[in-house]
Amino acid sequence: MFCHLRPMRRLCLEKIFPHWFPYSRALSGAEAVNALRPFYFAVHPDFFGQHPVEREINENSLKRLSVYLENLQKPGFKSLKPTQLTFYVRETDQSSSDGQEPFSTSGFRAVKFTLHTRDLLSTVLYILNSCSLSIEHIQSLNTNVHTQPLKEAKRMPDRPIKWDKSYYSFTGFKDPDEDLEQVSRMETTLTWQRSWGIAHRCSQLHSLSRLAQQNLETLKKAKGCTIIFTDRSGMSAVGHVMLGTMDVHHHWTKLFERLPSYFDLQRRLMILEDQISYLLGGIQVVYIEELQPVLTLEEYYSLLDVFYNRLLKSRIPFHPRSLRGLQMILNSDRYAPSLHELGHFNIPTLCDPANLQWFILTKAQQARENMKRKEELKVIENELIQASTKKFSLEKLYKEPSISSTQMVDCCKRLLEQSLPYLHGMHLCISHFYSVMQDGDLCIPWNWKNGEAIK
């Protein structure tokens, strides 16, 4: 289900951008943060601790860049003064010194560029291109993207031709404005954290609709975000906008107004994750909603910050990039590290550094094997869901987030051995208990007993 937020501007093309750029959709604040992640990782001051001059230059440039990006997101802005920035860029996997000043013996180079762009997408592309960083991850954010090398992009007019609607009706060609409008209507996703009934959901949507009528400009700040109706308002650890169902419009409005500051915190959080990864040999820090407590962005940032500072003090020696491909989650309620059956490490925030190093190194190979089995199990799970849906002519077959792939596979295998004609056209949810939801969805436990699955 989606929230219709519009209108959209047609974007102008600068000569350095790919030919798909004029027809790509606008970038949201949250997407801009994600798109610039390789850049932040390459220039963040914390990686220049032994080079105070370069560190200070990067700090000042990041502050000016942050102001520039915030101004771009303000409604009604017309133009910004050109902003000249200088960054020292670390050598990373994505970095290339092609056409740039070569890397020094310290492993970084100076990059200077001037921002004069008018929207988030062109700004992000310009920054990444100036630092010789890949833009492939940005193409996935846009529709109708056709790959073309950056250096082969041709200059297009800054004011594209605007045809009358009758032209498209007569020729049968597609109206690009209609394509853009359709994309814009599908940018903001709405979902629910709990299984509320249809009446409760309609009431929540009605409240959001009233807010949109009263203050659409404020609501537009959530463009590109996932909005979740839940028990409290704020931003979740994974960057979803949480609307507390017991809060009034005033609280929701305040939340939407604060989104730019949340996006800034999200940027700092991702940098913190990359710093932890750097210290732990490239292991990826992830947040798995189904397996971790529900945390706000502020709470999760605090958790990461405590863990990062402990790592800095201990300076555990890990070979650079030796643990790439592995994953870990942080837990505040554990005292010893463990390896999950899905392949990720459960690491306590206050874990002893020496024990942490020994545990990760001795369990690394098993973790890789577990992750491989997880991917194989996921394929089997999807095949069994499709087979069960087809056999019983179900309208929908799904599971609760707390149900593992192993449990779902076991459940579906046993279901396929049954003859259940009365499930035709139904919504079946695999859960931990028997129930019928207000919407009519039927819930059965994954470990149902023969003869008791349907009561």
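Everything numeric in this text was worked out from a predicted model, so none of it was measured. (Residues numbered from 1 in each chain as written. Predicted model: local features only at pLDDT ≥ 70, side-chain atom pairs only at ≥ 80, totals over all residues. Heavy atoms only, no water.)

Draft legend 1. Just the overall build of the chain, in detail. Of the regular secondary structure elements, the chain holds 14 helices and 15 strands. The buried share of the chain, reckoned over its 455 residues, is 45%. For the chain, the exposed surface amounts to about 24,200 Å²; the carbon and sulfur share of it is 52%. (Helix = DSSP H or I, 4+ residues; strand = E, 2+ residues; numbered from the N terminus. Buried < 20%, exposed > 50% of the residue type's maximum accessible area, 1.4 Å probe, protein only. Areas by Shrake-Rupley, 256 points an atom, 1.4 Å probe, with all protein chains shown as cover.)

Draft legend 2. Region of the structure containing the nonpolar core. Residues Phe256 and Phe345 are the most contacted members of the largest nonpolar core, which totals 56 residues. In terms of residue count, the dominant contributor to this core is helix α11 (residues 259-279) (nine residues). Sequence-distant contacts of Phe256, that is, excluding residues within four places in its chain, are made with Leu208, Leu211, Thr218, Leu219, Lys221, Ala222, Ile227, Val241 and Leu243. By size, the runner-up hydrophobic cluster in this structure holds 31 residues, among which are Leu62, Val89, Leu115 and Leu120. (Core = buried A, V, L, I, M, F, W, Y, C linked by side-chain atoms within 4.5 Å. Contact = heavy atoms within 4.5 Å.)

Draft legend 3. Structural detail: the confidence of the model for the chain. For the chain, per-residue confidence averages 77 on the pLDDT scale, and 77% of positions sit at 70 or higher. Throughout residues 1-24 the model reports pLDDT below 50, and contacts reaching past four residues in sequence, or to other chains, amount to 88 contacts. Under a pLDDT of 50 for its full length, residues 179-186 has, in the predicted model, 17 contacts with residues more than four places off or in other chains. (pLDDT = per-residue confidence, 0-100.)

Draft legend 4. Structural view of the pairing of strand β7 (residues 241-244). Side-chain alternation along β7 places Val241 and Leu243 on one buried face and Met242 and Gly244 on a second face that is also buried. In this sheet, β7 lies alongside strand β5 (residues 226-230) in parallel orientation, the contact comprising four bridges. Residue pairing across strands places Thr230 opposite Gly244, the latter belonging to β7. Inspection of the sheet shows strand β6 (residues 234-235) paired to β7 by two bridges, in the antiparallel sense. In the strand pairing of β7, Gly234 is matched with Met242. Turn length for the β6-β7 hairpin, with the two strands adjacent in sequence and antiparallel, is five residues, and the turn residue Gly239 shows positive phi of about 90 degrees. (Pairing = 2+ DSSP bridges.)

Draft legend 5. Structural detail: the packing of helix α10 (residues 249-257) against α11. As a packed pair, α10 and α11 sit with axes 5 Å apart at the nearest point and diverge in direction by 50 degrees. The orientation of α10 with respect to α11, classified from their angle, is oblique. The segment α10 lies against α11, with Leu255, Phe256 and Glu257 engaging Leu259, Pro260 and Tyr262. Classifying every residue of the contact of α10 with α11 by side-chain character gives five nonpolar, no polar and one charged. (Axes fitted to C-alpha atoms, helices over the stretch in contact; angles between N-to-C directions. Parallel < 35°, antiparallel > 145°, perpendicular 65-115°, else oblique. Nonpolar A, V, L, I, M, F, W, Y, C, P; charged D, E, K, R; others polar.)

Draft legend 6. Quick peek at the side chain of Thr349. Tracing the sequence through the fold places Thr349 in the loop between β11 (345-348) and α13 (353-391). Residues contacting Thr349, with those up to four places away along its chain left out, are Leu303, Val306, Phe307, Arg310, Leu330, Asn331 and Ser332.

Draft legend 7. Region of the structure containing the packing of aromatic side chains. Counting across every chain of the model gives nine aromatic pairs. The interplanar angle of 90 degrees and the centroid separation of 5.7 Å between the aromatic rings of Tyr88 and Phe108 together place this pair among those described as edge-to-face. Note that Tyr88 is positioned in strand β2 (residues 83-90) and Phe108 in strand β3 (residues 108-115), a separation of 20 residues in sequence. Pair check on accessibility: Tyr88 and Phe108 agree, each one buried. Site record: aromatic cluster; members linked through ring pairs are Phe39, Tyr40, Phe87, Phe113 and Tyr126. Taking the ring centre of Phe41 as reference, the NZ or CZ of Arg90 above it sits at 4.7 Å. (Phe/Tyr/Trp six-rings, centres within 6.5 Å; stacked < 30°, edge-to-face > 60°. Lys NZ or Arg CZ within 6 Å of the ring centre and 35° of its normal.)

Draft legend 8. Spatial organisation of the sheet that holds strand β13 (residues 427-431). Taken in spatial order, the four strands make up an open sheet running β12-β13-β15-β14, and their pairing is mixed. Looking at the sheet topology across the chains shown, the edges are occupied by β12 (396-399) and β14 (435-436). In this sheet, strand β15 (residues 442-445) lies alongside β13 in parallel orientation, the contact comprising four bridges. Bridging across to β15, Ile430 finds its partner in Ile444. Sitting on the sheet, helix α14 (residues 405-415) is in contact with β12, β13 and β15, with an inclination near 145 degrees to β12.

Draft legend 9. Up close: the sheet that holds β11. Reading across from one edge, β8-β9-β11-β10 is the order of the four strands in this open sheet, with mixed pairing throughout. In this open sheet, the two strands that pair with only one neighbour each are β8 (284-285) and β10 (338-339). The sheet contact formed by β10 and β11 spans two bridges and is antiparallel. Bridged to Leu339 within β11 is Phe345.

Draft legend 10. Representation of the packing of helix α3 (residues 52-72) against helix α4 (residues 120-130). Viewed as axis vectors pointing N to C, α3 and α4 meet at an angle of 155 degrees, and their least axial separation amounts to 10 Å. Relative to α4, the element α3 is oriented roughly antiparallel. Of the residues in α4, those in contact with Leu65, Tyr68, Leu69 and Leu72 of α3 are Leu120, Thr123 and Ile127. Class assignment of the residues belonging to the contact of α3 with α4 gives a composition of six nonpolar, one polar and no charged.

Draft legend 11. Summary view of the pattern of salt bridges. The full count for this structure, using the stated rule, is 10 salt bridges. The residue Glu299 makes a salt bridge to Arg232 at a minimum N-O spacing of 3.4 Å. Highlighted residues: Glu299 in helix α12 (residues 297-314) and Arg232 in the loop between β5 and β6, separated in sequence by 67 residues. For Glu299, a relative accessible area of 34% gives the class partly exposed. Asp410 is paired through a salt bridge with Arg414; the nearest N and O atoms lie 3.4 Å apart. (Salt bridge = Lys/Arg side-chain N within 4 Å of Asp/Glu carboxyl O.)

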